[in-house]
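Per-entry structural report
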Amino acid sequence: TWIDGWTNGTGAVVGYLQAPFAETKIVHGGQQAMPLEYNNVKTPFYSEAERTFDTTQDWTGNGADTLALWFRGQAVGFVDQGGNAYAVSASGTDIWGTSDQFRFVYKSLSGDGSMTLRVDSIANTNVWAKAGPMIRETLDANAKNAAIAVTPGSGVSFQWRNAVAGTSANSQTTGLVAPYWVRITRTGNLIKAERSPDGKTWTQQGTDQTVQMATALYIGMAVTSHAAALTTTAQISNVSTTGAVTGPWQQMAIGAAMPSNDPAPLYLTVEDKAGKKKTVVHADAGITVTPAWTEWRIPLSELTGVNLAAVKKITLGVGDSASPKPGPAGMLYLDDIGFGHPVQ
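Figured I'd write up the structure that's included with this text. (Residues numbered from 1 in each chain as written. Predicted model: local features only at pLDDT ≥ 70, side-chain atom pairs only at ≥ 80, totals over all residues. Heavy atoms only, no water.)

Consider a sheet: its strands pair through backbone hydrogen bonds, and that pairing is either parallel or antiparallel. Taken together, five strands build an open sheet; the order of strands is E1-E4-E24-E21-E22 and the sheet is antiparallel. Single-partner strands in this sheet number two, and they are strand E1 (2-3) and strand E22 (277-281). The pairing of strand E4 (residues 46-57) with strand E24 (residues 311-319) spans eight bridges and is antiparallel. Opposite Thr-52, over in E24, you have Lys-313 as the bridge partner. (Pairing = 2+ DSSP bridges. Helix = DSSP H or I, 4+ residues; strand = E, 2+ residues; numbered from the N terminus.)

Attention now goes to the nonpolar core. Core analysis: the biggest nonpolar cluster contains 37 residues, and Met-115, Leu-117, Ile-184, Met-221, Ile-236, Val-239 and Trp-249 have the highest contact counts within it. Of all the elements, strand E10 (residues 102-122) adds the most residues to this core, at six residues. If we skip the residues at most four places from it in the chain, Met-115 touches Pro-133, Val-182, Arg-183, Ile-184, Ile-219, Gly-220, Met-221, Val-239, Ser-240, Thr-241 and Trp-249. Residues Leu-36, Ile-287, Leu-316 and Leu-334 belong to the second largest nonpolar core, which totals 30 residues. (Core = buried A, V, L, I, M, F, W, Y, C linked by side-chain atoms within 4.5 Å. Buried < 20%, exposed > 50% of the residue type's maximum accessible area, 1.4 Å probe, protein only. Contact = heavy atoms within 4.5 Å.)

Of the voids in this model, the largest pocket is the one considered here, and its volume is about 420 Å³. Taken together, 23 residues make up the lining of the largest pocket; nearest its centre are Arg-72, Ala-229, Leu-230, Thr-231 and Pro-259. Residue assignment for the lining of the largest pocket shows that the elements contributing at least two residues are strand E7 (85-90) and strand E20 (232-254). Grouping the amino acids of the lining of the largest pocket by side-chain chemistry returns 12 nonpolar, nine polar and two charged. Of the volumes computed, that of the second largest pocket is approximately 190 Å³. What lines the second largest pocket is simply Trp-2, Gly-15, Phe-21, Ala-22, Gln-32, Ala-33, Met-34, Pro-35, Leu-334, Asp-335, Asp-336 and Ile-337. Mapped onto the lining of the second largest pocket, the elements with two or more residues apiece are strand E3 (34-39) and strand E25 (329-340). (1 Å grid on protein atoms, 1.4 Å probe; cavity = no way out; pocket = protein on both sides within 12 Å on 5 of 7 lines; lining within 4 Å. Points joined across faces, edges and corners; volume = space filled by probe spheres on them. Nonpolar A, V, L, I, M, F, W, Y, C, P; charged D, E, K, R; others polar.)

As a further point, take the sheet that holds strand E2 (residues 13-14). The five strands lie next to each other as E2-E3-E25-E5-E23, forming an open sheet whose pairing is antiparallel. Each end of this open sheet is capped by a strand with a single partner; those strands are E2 and strand E23 (294-299). With six bridges connecting them, strand E5 (residues 66-72) and E23 associate as antiparallel partners. Bridge pairing in E23 places Phe-71 opposite Thr-294.

Okay, empty space enclosed by the protein next. Here the structure, examined in full by the defined rule, presents one cavity of 30 Å³ or more. Considered as a void within the structure, the largest cavity measures approximately 40 Å³ in volume. Lining the largest cavity we find Ile-95, Lys-130, Ala-131, Gly-132, Ala-147, Ala-149, Gln-159 and Ala-222. Counting residues per element, the ones that place at least two in the lining of the largest cavity are strand E11 (130-136) and strand E12 (145-150). Among the elements that line the lining of the largest cavity, the one with the most residues is E11, at three residues. Partitioning the lining of the largest cavity into residue classes produces five nonpolar, two polar and one charged.

Looking at the secondary structure, you find Arg-136 in strand E11. Using a relative accessible area of 0% as the deciding quantity, one classes Arg-136 as buried. Side-chain polar atoms of Arg-136 contact the backbone oxygen of Ala-141, separated by 3.1 Å. (Polar contact = N/O pair within 3.5 Å; in protein donor to acceptor, adjacent residues only side chain to side chain.)

Structure below.
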């Protein structure tokens, strides 16, 4: 029913490559939704799925005045917001035990160094969701590491794993919530954690811990939702480092798959049997990172120039087909497309 990039040459892929092809769990209504993968990294730099009706559709009867559809995307994994401020989203069961599941946004560190930041907010997917700076020996899930994290309901926690696949330990102070400043510092094999309500007056969290790690390792921002089926987003600002910290920011989902979307515009084109078209673009240019089902209502009055009594084709697109350029990738889910008159 829907034609995608395999035929129209765009970056769209509709449905999964293996049965049952449709999405049966992430559904708004009924028993299935349509997955639409978009990939605008390569030419033509936009993604479209098209449905051509066998017989033309009349959208003008019985007081119909609105075209509507439901969609949802996936949260963005990492956004550099400028001015040393960032948004980091992650799922994951936890950073704890003998192995971790989290998103790590990191740079390389050689020798001694530190990272200071303020956790401005973190979505409460669990009282032990976490966001904060981490020093980590490798990118393996069971690696040695040390971090200090701000949580939605468990205060501030300094935690460490001093052996590969070893158990984790921590020092916790309850009653502290974002926005809050935290810092992690490595000096030789000693790791020190500190916290501050204002970035000026600092208090050591727990005591120095000995974690023997290689000279070359990683330092960065660690975020976990502590809920595998949920995604939290942490807003982090005032990020600064000391020591030999090098390279661009890189991100990695450690210990578990954490699909994420790049923000992109969503548009819809209606075409009548005479070939006249009208395109409407969603007002939010980065709407594809919305992780909850969202209704998009389009007044039929916006589809000027198209004969709505003889609709031949509709196209759902991601990107900018009018002015294409290399862009984002991700996954959308679409459901309950229809026309009529809203009851509310």
